[in-house]
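# Reading the structure
Here's the letter readout for the chains.
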Amino acid sequence: MVGVLDVSLLAQPPAARLPVHSIVVPFDPLVVRTALMREARRGGQSFVVCPRIQDLAPMRARLVDIVPELSIAVAHGRLRGEELDRLVLGFGSGEGDVLLTTNIIETGLDIANANTMLIWRAERFGLAQLHQLRGRIGRGRVRASAILMTDGDPSATALRRLDAAASLGGLGSGFDISLTDLDQRGAGDLLGEEQAGHLRLIGTELYRHRLTRALARERGEPVADDVTPAIVVGAEAMVPREFIPEPNVRLEIYRRLARVRSIAALEELSEELADRFGVLPAPLLGLLGMTRLRVLCELHGIAAIYAGPRGVALTECDGTRSVLDLSPSAVGDCLQQVLQATGTASTDG
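What comes next is a walk through the structure. (Residues numbered from 1 in each chain as written. Predicted model: local features only at pLDDT ≥ 70, side-chain atom pairs only at ≥ 80, totals over all residues. Heavy atoms only, no water.)

## Details of the sheet that holds strand β1 (residues 21-26)
With parallel pairing, the 6 strands of this open sheet are ordered in space as β1-β6-β5-β2-β4-β3. The outermost strands of the open sheet, each flanked by one partner alone, are β1 and β3 (72-75). Across this sheet, the average inter-strand angle for adjacent strands is 20°, counted without regard to direction. One ladder, built from 6 bridges, connects β1 with strand β6 (residues 145-150); its direction is parallel. Looking across to β6, one finds that V24 is bridged to L148. (Pairing = 2+ DSSP bridges. Helix = DSSP H or I, 4+ residues; strand = E, 2+ residues; numbered from the N terminus. Axes fitted to C-alpha atoms, helices over the stretch in contact; angles between N-to-C directions.)

Written out as C-alpha coordinates, the structure is:
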(Lines give C-alpha, C1' and ligand atoms only; values in the text may rest on other atoms or scores of the structure.)
Protein backbone atom coordinates (compact mmCIF):
# COMPACT_ATOMS: atom_id res chain seq x y z
CA MET A 1 0.00 0.00 0.00
CA VAL A 2 3.01 2.34 0.34
CA GLY A 3 4.71 1.42 -2.90
CA VAL A 4 6.43 -1.78 -1.80
CA LEU A 5 5.05 -4.22 -4.34
CA ASP A 6 7.83 -6.82 -4.30
CA VAL A 7 7.92 -9.17 -1.31
CA SER A 8 11.03 -11.08 -0.23
CA LEU A 9 10.17 -14.20 1.74
CA LEU A 10 12.57 -15.68 4.30
CA ALA A 11 11.41 -19.23 3.80
CA GLN A 12 14.54 -20.94 5.18
CA PRO A 13 14.07 -21.65 8.91
CA PRO A 14 16.93 -21.68 11.42
CA ALA A 15 18.90 -24.89 11.63
CA ALA A 16 17.18 -27.72 13.53
CA ARG A 17 14.00 -25.66 14.04
CA LEU A 18 10.86 -27.84 14.08
CA PRO A 19 7.31 -26.75 13.21
CA VAL A 20 4.88 -26.23 16.10
CA HIS A 21 2.14 -28.84 16.34
CA SER A 22 -1.18 -27.01 16.77
CA ILE A 23 -4.67 -28.29 17.56
CA VAL A 24 -8.06 -26.71 18.31
CA VAL A 25 -10.10 -28.28 21.14
CA PRO A 26 -12.75 -27.20 23.67
CA PHE A 27 -11.45 -26.54 27.17
CA ASP A 28 -10.98 -29.89 28.91
CA PRO A 29 -9.20 -30.34 32.27
CA LEU A 30 -7.86 -33.72 31.11
CA VAL A 31 -6.27 -32.16 28.01
CA VAL A 32 -4.78 -29.38 30.13
CA ARG A 33 -3.28 -31.79 32.67
CA THR A 34 -1.94 -34.13 29.99
CA ALA A 35 -0.21 -31.31 28.10
CA LEU A 36 1.30 -29.58 31.12
CA MET A 37 2.47 -32.77 32.83
CA ARG A 38 3.97 -34.08 29.61
CA GLU A 39 6.06 -30.92 29.27
CA ALA A 40 7.10 -31.05 32.94
CA ARG A 41 8.17 -34.71 32.67
CA ARG A 42 10.57 -33.88 29.83
CA GLY A 43 12.07 -31.04 31.86
CA GLY A 44 10.38 -28.19 30.03
CA GLN A 45 8.11 -25.26 30.87
CA SER A 46 4.71 -24.15 29.62
CA PHE A 47 2.72 -21.01 28.86
CA VAL A 48 -0.98 -20.61 29.59
CA VAL A 49 -2.36 -17.52 27.86
CA CYS A 50 -5.67 -15.77 28.65
CA PRO A 51 -7.22 -12.91 26.66
CA ARG A 52 -7.89 -10.58 29.65
CA ILE A 53 -6.20 -9.76 32.94
CA GLN A 54 -9.39 -10.51 34.88
CA ASP A 55 -9.30 -14.05 33.49
CA LEU A 56 -5.97 -14.82 35.15
CA ALA A 57 -7.14 -15.32 38.73
CA PRO A 58 -9.98 -17.75 37.87
CA MET A 59 -7.68 -19.65 35.53
CA ARG A 60 -4.98 -19.91 38.21
CA ALA A 61 -7.51 -21.42 40.60
CA ARG A 62 -8.48 -23.99 37.96
CA LEU A 63 -4.84 -24.83 37.22
CA VAL A 64 -4.11 -25.35 40.92
CA ASP A 65 -6.88 -27.96 40.98
CA ILE A 66 -5.85 -29.58 37.69
CA VAL A 67 -2.04 -29.68 38.18
CA PRO A 68 -1.30 -29.17 41.91
CA GLU A 69 2.20 -30.62 41.36
CA LEU A 70 3.34 -27.67 39.22
CA SER A 71 4.39 -24.19 40.31
CA ILE A 72 2.54 -21.35 38.57
CA ALA A 73 3.72 -17.75 38.05
CA VAL A 74 1.36 -14.99 36.89
CA ALA A 75 2.48 -12.10 34.69
CA HIS A 76 0.53 -9.29 33.02
CA GLY A 77 0.91 -5.71 31.87
CA ARG A 78 -0.40 -4.04 35.03
CA LEU A 79 2.42 -5.31 37.20
CA ARG A 80 5.20 -2.92 38.12
CA GLY A 81 8.11 -3.04 35.72
CA GLU A 82 10.55 -4.41 38.30
CA GLU A 83 8.19 -7.21 39.33
CA LEU A 84 7.35 -8.12 35.73
CA ASP A 85 11.05 -8.26 34.84
CA ARG A 86 11.75 -10.46 37.84
CA LEU A 87 8.95 -12.89 36.95
CA VAL A 88 9.82 -13.18 33.26
CA LEU A 89 13.58 -13.35 33.76
CA GLY A 90 13.12 -15.90 36.54
CA PHE A 91 10.89 -18.02 34.32
CA GLY A 92 13.45 -17.76 31.52
CA SER A 93 16.16 -19.03 33.84
CA GLY A 94 14.08 -22.08 34.77
CA GLU A 95 12.12 -20.91 37.82
CA GLY A 96 8.59 -22.29 37.78
CA ASP A 97 6.77 -24.78 35.58
CA VAL A 98 3.93 -22.67 34.14
CA LEU A 99 3.74 -18.98 33.26
CA LEU A 100 0.10 -17.84 33.32
CA THR A 101 -0.07 -14.62 31.32
CA THR A 102 -1.86 -12.47 28.77
CA ASN A 103 -0.71 -11.84 25.22
CA ILE A 104 1.91 -9.46 26.61
CA ILE A 105 4.41 -12.21 25.78
CA GLU A 106 3.62 -12.29 22.06
CA THR A 107 6.81 -10.42 21.07
CA GLY A 108 10.34 -10.22 22.36
CA LEU A 109 10.36 -13.38 24.46
CA ASP A 110 12.84 -16.16 23.66
CA ILE A 111 12.77 -19.06 26.13
CA ALA A 112 14.07 -22.22 24.50
CA ASN A 113 12.96 -24.41 27.42
CA ALA A 114 9.27 -23.43 27.05
CA ASN A 115 7.71 -25.63 24.39
CA THR A 116 4.05 -26.04 25.32
CA MET A 117 1.44 -23.30 25.07
CA LEU A 118 -2.24 -23.41 26.01
CA ILE A 119 -4.32 -20.48 24.77
CA TRP A 120 -7.67 -20.24 26.54
CA ARG A 121 -10.56 -18.60 24.69
CA ALA A 122 -8.43 -18.60 21.56
CA GLU A 123 -11.43 -17.43 19.55
CA ARG A 124 -10.97 -13.99 21.12
CA PHE A 125 -7.56 -13.55 19.53
CA GLY A 126 -6.83 -12.43 15.99
CA LEU A 127 -5.03 -14.63 13.50
CA ALA A 128 -1.87 -12.52 13.66
CA GLN A 129 -1.93 -12.61 17.48
CA LEU A 130 -2.23 -16.39 17.49
CA HIS A 131 0.69 -16.67 15.08
CA GLN A 132 2.81 -14.34 17.22
CA LEU A 133 1.96 -16.19 20.42
CA ARG A 134 2.76 -19.54 18.87
CA GLY A 135 6.12 -18.13 17.84
CA ARG A 136 7.14 -17.94 21.52
CA ILE A 137 7.52 -21.72 21.66
CA GLY A 138 9.50 -24.13 19.53
CA ARG A 139 12.55 -21.90 19.61
CA GLY A 140 14.87 -24.71 20.60
CA ARG A 141 15.37 -28.19 19.19
CA VAL A 142 12.38 -29.75 20.94
CA ARG A 143 9.06 -30.33 19.18
CA ALA A 144 6.58 -27.79 20.55
CA SER A 145 2.80 -27.98 20.92
CA ALA A 146 0.19 -25.21 20.87
CA ILE A 147 -3.33 -26.03 22.07
CA LEU A 148 -5.99 -23.50 21.06
CA MET A 149 -8.83 -23.97 23.54
CA THR A 150 -12.32 -22.61 22.90
CA ASP A 151 -14.92 -21.71 25.50
CA GLY A 152 -18.63 -22.12 24.83
CA ASP A 153 -19.87 -22.07 21.24
CA PRO A 154 -17.60 -19.87 19.06
CA SER A 155 -18.93 -18.37 15.85
CA ALA A 156 -18.27 -19.83 12.42
CA THR A 157 -15.92 -16.93 11.66
CA ALA A 158 -13.91 -17.60 14.81
CA LEU A 159 -13.67 -21.31 13.98
CA ARG A 160 -12.38 -20.52 10.48
CA ARG A 161 -9.74 -18.30 12.04
CA LEU A 162 -8.69 -21.01 14.51
CA ASP A 163 -8.61 -23.70 11.84
CA ALA A 164 -6.39 -21.47 9.71
CA ALA A 165 -4.04 -20.86 12.64
CA ALA A 166 -3.80 -24.59 13.34
CA SER A 167 -3.34 -25.68 9.72
CA LEU A 168 -0.79 -23.00 8.85
CA GLY A 169 1.67 -23.98 11.51
CA GLY A 170 4.63 -24.85 9.30
CA LEU A 171 7.93 -23.03 9.25
CA GLY A 172 7.85 -19.80 7.28
CA SER A 173 4.04 -19.68 7.20
CA GLY A 174 3.72 -16.05 8.29
CA PHE A 175 3.08 -14.72 4.78
CA ASP A 176 0.45 -17.40 4.12
CA ILE A 177 -1.25 -16.47 7.40
CA SER A 178 -1.34 -12.78 6.42
CA LEU A 179 -2.93 -13.65 3.07
CA THR A 180 -5.47 -15.89 4.82
CA ASP A 181 -6.30 -13.10 7.26
CA LEU A 182 -6.79 -10.66 4.37
CA ASP A 183 -8.96 -13.18 2.55
CA GLN A 184 -11.17 -13.80 5.60
CA ARG A 185 -11.60 -10.21 6.75
CA GLY A 186 -11.30 -8.30 3.49
CA ALA A 187 -9.14 -5.27 2.80
CA GLY A 188 -11.44 -3.06 4.84
CA ASP A 189 -11.88 0.65 5.32
CA LEU A 190 -8.54 2.22 6.25
CA LEU A 191 -10.28 4.89 8.33
CA GLY A 192 -12.89 2.80 10.15
CA GLU A 193 -14.15 -0.63 11.14
CA GLU A 194 -16.21 -1.30 8.02
CA GLN A 195 -14.91 -4.14 5.88
CA ALA A 196 -15.20 -3.09 2.27
CA GLY A 197 -14.40 -6.26 0.36
CA HIS A 198 -11.49 -8.37 -0.76
CA LEU A 199 -8.41 -6.62 -2.08
CA ARG A 200 -7.55 -9.42 -4.46
CA LEU A 201 -10.81 -8.89 -6.39
CA ILE A 202 -9.47 -5.64 -7.84
CA GLY A 203 -5.72 -6.13 -7.50
CA THR A 204 -3.02 -4.19 -5.67
CA GLU A 205 -2.28 -1.79 -8.53
CA LEU A 206 -5.87 -0.64 -8.98
CA TYR A 207 -6.39 -0.38 -5.20
CA ARG A 208 -3.33 1.83 -4.81
CA HIS A 209 -4.38 3.94 -7.79
CA ARG A 210 -7.86 4.53 -6.42
CA LEU A 211 -6.53 5.18 -2.91
CA THR A 212 -4.03 7.75 -4.19
CA ARG A 213 -6.77 9.58 -6.08
CA ALA A 214 -9.12 9.53 -3.09
CA LEU A 215 -6.46 10.96 -0.77
CA ALA A 216 -5.58 13.69 -3.27
CA ARG A 217 -9.25 14.60 -3.58
CA GLU A 218 -9.63 14.82 0.22
CA ARG A 219 -6.60 17.12 0.39
CA GLY A 220 -8.21 19.44 -2.13
CA GLU A 221 -5.63 18.69 -4.82
CA PRO A 222 -6.70 18.71 -8.49
CA VAL A 223 -7.54 15.22 -9.73
CA ALA A 224 -7.85 14.59 -13.47
CA ASP A 225 -10.56 12.42 -14.93
CA ASP A 226 -9.66 8.78 -14.45
CA VAL A 227 -9.90 7.73 -18.09
CA THR A 228 -7.62 5.23 -19.79
CA PRO A 229 -7.32 6.12 -23.48
CA ALA A 230 -8.41 3.48 -25.96
CA ILE A 231 -5.67 3.09 -28.56
CA VAL A 232 -6.24 0.90 -31.60
CA VAL A 233 -3.47 1.34 -34.16
CA GLY A 234 -2.80 -2.18 -35.43
CA ALA A 235 0.87 -2.12 -34.45
CA GLU A 236 2.76 -4.97 -32.75
CA ALA A 237 3.41 -3.93 -29.14
CA MET A 238 4.72 -6.50 -26.66
CA VAL A 239 7.71 -7.81 -24.76
CA PRO A 240 8.83 -10.79 -26.87
CA ARG A 241 9.26 -14.04 -24.98
CA GLU A 242 12.35 -14.94 -26.99
CA PHE A 243 13.96 -11.60 -26.04
CA ILE A 244 13.18 -11.85 -22.28
CA PRO A 245 12.40 -15.49 -21.34
CA GLU A 246 11.68 -14.86 -17.64
CA PRO A 247 7.90 -14.34 -17.09
CA ASN A 248 8.42 -12.31 -13.92
CA VAL A 249 10.74 -9.87 -15.67
CA ARG A 250 8.32 -9.42 -18.57
CA LEU A 251 5.43 -8.86 -16.16
CA GLU A 252 7.44 -6.27 -14.23
CA ILE A 253 8.14 -4.36 -17.47
CA TYR A 254 4.42 -4.30 -18.29
CA ARG A 255 3.63 -3.09 -14.77
CA ARG A 256 6.19 -0.31 -14.88
CA LEU A 257 4.99 0.85 -18.28
CA ALA A 258 1.43 0.94 -16.97
CA ARG A 259 2.54 3.26 -14.16
CA VAL A 260 4.30 5.73 -16.47
CA ARG A 261 2.59 9.14 -16.39
CA SER A 262 5.12 11.41 -18.11
CA ILE A 263 7.33 11.46 -21.19
CA ALA A 264 10.41 12.00 -19.02
CA ALA A 265 9.64 8.87 -16.98
CA LEU A 266 9.12 6.87 -20.17
CA GLU A 267 12.42 8.01 -21.64
CA GLU A 268 14.19 7.08 -18.42
CA LEU A 269 12.62 3.62 -18.48
CA SER A 270 13.52 3.19 -22.17
CA GLU A 271 17.16 4.00 -21.44
CA GLU A 272 17.16 1.53 -18.55
CA LEU A 273 15.75 -1.27 -20.72
CA ALA A 274 18.34 -0.62 -23.43
CA ASP A 275 21.10 -0.61 -20.83
CA ARG A 276 19.90 -3.88 -19.26
CA PHE A 277 18.97 -5.90 -22.35
CA GLY A 278 20.81 -4.32 -25.27
CA VAL A 279 19.25 -3.46 -28.61
CA LEU A 280 15.46 -3.54 -28.19
CA PRO A 281 13.44 -5.50 -30.76
CA ALA A 282 10.70 -3.91 -32.85
CA PRO A 283 7.74 -5.29 -30.79
CA LEU A 284 9.20 -3.80 -27.59
CA LEU A 285 9.85 -0.50 -29.34
CA GLY A 286 6.23 -0.62 -30.45
CA LEU A 287 5.13 -1.10 -26.85
CA LEU A 288 7.19 1.90 -25.80
CA GLY A 289 5.60 3.89 -28.62
CA MET A 290 2.10 2.90 -27.50
CA THR A 291 2.95 3.95 -23.96
CA ARG A 292 4.18 7.30 -25.24
CA LEU A 293 0.97 7.68 -27.21
CA ARG A 294 -1.11 6.88 -24.11
CA VAL A 295 0.74 9.49 -22.05
CA LEU A 296 0.18 12.11 -24.75
CA CYS A 297 -3.51 11.26 -24.91
CA GLU A 298 -3.81 11.66 -21.14
CA LEU A 299 -1.98 14.99 -21.24
CA HIS A 300 -4.08 16.41 -24.09
CA GLY A 301 -7.50 15.06 -23.16
CA ILE A 302 -7.88 12.48 -25.94
CA ALA A 303 -10.04 9.52 -24.96
CA ALA A 304 -9.51 7.26 -28.00
CA ILE A 305 -7.43 6.89 -31.13
CA TYR A 306 -8.39 4.56 -33.96
CA ALA A 307 -5.86 4.38 -36.79
CA GLY A 308 -5.66 2.35 -39.96
CA PRO A 309 -3.72 2.40 -43.21
CA ARG A 310 -5.93 5.20 -44.64
CA GLY A 311 -6.63 7.51 -41.75
CA VAL A 312 -6.82 8.36 -38.05
CA ALA A 313 -9.84 9.16 -35.86
CA LEU A 314 -9.51 10.97 -32.53
CA THR A 315 -12.14 11.12 -29.78
CA GLU A 316 -11.85 13.69 -27.01
CA CYS A 317 -12.68 13.16 -23.35
CA ASP A 318 -15.11 16.07 -23.56
CA GLY A 319 -17.66 15.10 -26.19
CA THR A 320 -18.76 18.72 -26.68
CA ARG A 321 -15.48 19.57 -28.38
CA SER A 322 -14.22 18.53 -31.77
CA VAL A 323 -10.71 17.59 -32.84
CA LEU A 324 -10.26 21.02 -34.37
CA ASP A 325 -10.69 22.62 -30.91
CA LEU A 326 -7.51 20.94 -29.67
CA SER A 327 -4.26 22.84 -29.81
CA PRO A 328 -2.20 22.16 -32.93
CA SER A 329 0.63 20.79 -30.81
CA ALA A 330 -1.69 18.26 -29.17
CA VAL A 331 -3.03 16.97 -32.47
CA GLY A 332 0.43 17.01 -34.02
CA ASP A 333 2.10 15.08 -31.22
CA CYS A 334 -0.55 12.35 -31.19
CA LEU A 335 -0.77 12.02 -34.94
CA GLN A 336 2.98 11.81 -35.24
CA GLN A 337 3.02 8.85 -32.85
CA VAL A 338 0.20 7.15 -34.72
CA LEU A 339 1.86 7.66 -38.09
CA GLN A 340 5.11 6.19 -36.82
CA ALA A 341 3.36 3.19 -35.32
CA THR A 342 1.08 2.34 -38.25
CA GLY A 343 2.86 3.65 -41.29
CA THR A 344 -0.22 5.69 -42.23
CA ALA A 345 0.53 7.85 -45.27
CA SER A 346 -2.19 10.44 -44.78
CA THR A 347 -4.58 11.80 -42.18
CA ASP A 348 -7.60 12.42 -44.34
CA GLY A 349 -10.76 12.84 -42.25
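Having seen the model, we can carry on.
## Here's the deal with the pattern of salt bridges
Should their charged atoms come close, side chains of opposite charge can pair. Inspection of the entire model under this criterion finds 12 salt bridges. Across the pair E69 and R33 runs a salt bridge, and its minimum N-O distance is 2.6 Å. Taken together, the residues span a long stretch of sequence, with E69 in the loop between α2 (56-66) and β3 and R33 in helix α1 (residues 29-41) at a distance of 36 residues. For R80, the salt bridge identified is with E82, shortest N-O distance 3.9 Å. (Salt bridge = Lys/Arg side-chain N within 4 Å of Asp/Glu carboxyl O.)

## Topic: the packing of helix α8 (residues 247-259) against helix α9 (residues 263-277)
Two numbers describe how α8 lies on α9: the axes approach to 11 Å, and their chain directions differ by 165°. With respect to each other, α8 and α9 are oriented roughly antiparallel. Between α8 and α9 lies a crossing whose hand is left-handed. Within the contact between the two elements, α8 uses V249, I253, R256 and L257 and α9 uses L266, L269, E272, L273, R276 and F277. Partitioning the contact of α8 with α9 into residue classes produces 7 nonpolar, no polar and 3 charged. (Parallel < 35°, antiparallel > 145°, perpendicular 65-115°, else oblique. Left-handed = near helix turned anticlockwise from the far one by under 90°. Contact = heavy atoms within 4.5 Å. Nonpolar A, V, L, I, M, F, W, Y, C, P; charged D, E, K, R; others polar.)

## Brief notes about helix α5 (residues 156-167)
A rise of 1.5 Å per residue sets the reference length of α5, with its 12 residues, at 16 Å; its end C-alpha atoms lie 16 Å apart and thus fit the reference within 8%. Every buried residue of α5 is listed here: A158, R161, L162, A164, A165 and A166. (Expected span 1.5 Å × (residues − 1). Buried < 20%, exposed > 50% of the residue type's maximum accessible area, 1.4 Å probe, protein only.)

## Notes on the side chain of N115
Within the secondary structure, N115 sits in strand β5 (residues 114-120). In this structure the side chain of N115 is engaged in a polar contact, spanning 3.0 Å, whose partner is the backbone oxygen of A112. A polar contact of 3.1 Å, which involves the side chain of N115, links it to the backbone nitrogen of G138. Ignoring sequence-local partners within four residues, the contact set of N115 consists of E39, R42, Q45, I137, G138, R139, G140, V142, R143, A144 and S145. (Polar contact = N/O pair within 3.5 Å; in protein donor to acceptor, adjacent residues only side chain to side chain.)

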